[in-house]
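Letter by letter, the chains look like this.
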Amino acid sequence: GGQQYHFLGTNFWYGVNMGAPESGNYTRLVAELDHLKSIGITNLRIMAGGQGPDDREKRIVPSIEPEALKYNEDVWKGFDVLLDEMAKRDMKAVVPINNYWEWSGGFGQYVEWH
């Protein structure tokens, strides 16, 4: 305790989707993480996942939760892949669980669903 933590970070909101085995782009994910690490970025703000519906305009697609309490296993696996690849590079994640942005579903979508 008591030690300062200095870092250089960036927003990498789409990382979970790129890590998804079926719908993502693993090659691009690895290349982007390698590049970020090479320029000294070690802290990434990533989205835990967006909410659907996936046919709504301006949304992260595919979402991790396309409808209330129904989850996309492929995107969940993408979350694991991203965290694993970040760990290989000694990178840290800041993970907002939800937010107010319409493009990610967010609290507004939960209000609509429930």
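Just above sits the structure.
I will try to describe carefully the structure that is included in this document. Everything quoted here is computed from the prediction, not taken from an experiment. (Residues numbered from 1 in each chain as written. Predicted model: local features only at pLDDT ≥ 70, side-chain atom pairs only at ≥ 80, totals over all residues. Heavy atoms only, no water.)

### Some details on the packing of helix α2 (residues 26-38) against helix α3 (residues 73-88)
The cut-off we apply is this: Throughout, an axis means a line fitted to C-alpha atoms (over the contacting stretch in the case of helices), and angles, computed between N-to-C directions, take values from 0 to 180 degrees. Helix and strand definitions here come from DSSP, where helices need a minimum of 4 consecutive H or I residues and strands a minimum of 2 consecutive E residues; each element is numbered from the N-terminal end. If you view the pair so one helix is near and one far, a crossing is left-handed when the near helix is turned anticlockwise from the far one by less than a right angle, and right-handed when it is turned clockwise. For this analysis, residues touch if any pair of their heavy atoms sits within 4.5 Å. Each residue is assigned to one class: nonpolar for Ala, Val, Leu, Ile, Met, Phe, Trp, Tyr, Cys and Pro, charged for Asp, Glu, Lys and Arg, and polar for all the others, Gly among them.
Running from N to C, α2 and α3 point in directions that differ by 35 degrees, and their axes come no closer than 10 Å. Note that α2 runs across α3; the crossing there is right-handed. Together, Tyr26, Leu29, Val30 and Leu33 of α2 and Val81, Leu82, Glu85, Met86 and Lys88 of α3 make up the contact between the two elements. A class-by-class count of the residues in the contact of α2 with α3 yields 7 nonpolar, no polar and 2 charged.

### Observations concerning the side chain of Gln51
Applied cut-off: Note on classification: 1.4 Å probe, protein chains only; a residue is buried when its accessible area is under 20% of the maximum for its type, exposed when over 50%, partly exposed between these limits. Counting of polar contacts relies on pairs of N or O atoms within 3.5 Å, with two restrictions inside protein: one atom must be capable of donating a hydrogen and the other of accepting it, and residues adjacent in sequence are counted only when both atoms are side-chain atoms.
By the secondary structure assignment, Gln51 is in the loop between β2 (43-45) and α3. Residue classification places Gln51 among the buried positions, given a relative accessible area of 4%. From its side chain, Gln51 meets the backbone nitrogen of Gly106 in a polar contact 2.9 Å long. Contact partners of Gln51, with chain neighbours within four places excluded, come to Arg59, Ser63, Glu65, Asn98, Ser104, Gly105, Gly106, Gln109, Tyr110 and Trp113.

### Describing the environment of Ala68
Looking at the secondary structure, you find Ala68 in the loop between β2 and α3. Sequence separation of Ala68 and Leu29 is 39 residues, and the distance between their C-alpha atoms is 28 Å. Those residues in contact with Ala68 that lie beyond four places of it in its chain are Trp113 and His114.

### As for α2
Selection criterion: Here a helix's expected span is defined as the number of its residues, less one, multiplied by 1.5 Å. The arc in question is formed by the directions pointing from the helix axis toward the C-beta atoms.
If you check α2, its first and last C-alpha atoms are 18 Å apart, about what 13 residues at 1.5 Å a residue would give, namely 18 Å. Those residues of α2 lying buried are Leu29, Val30, Glu32, Leu33 and Leu36. Buried residues of α2, seen end-on, are gathered within an arc of 165 degrees and therefore sit on one face of the element. Opposite its buried face, α2 presents the exposed residues Thr27 and Ser38, each directed more than 90 degrees away. Phi turns positive one or two residues past the end of α2, at Gly40, with a value near 90 degrees.

Functional significance is not addressed by these values, which are geometric in nature.
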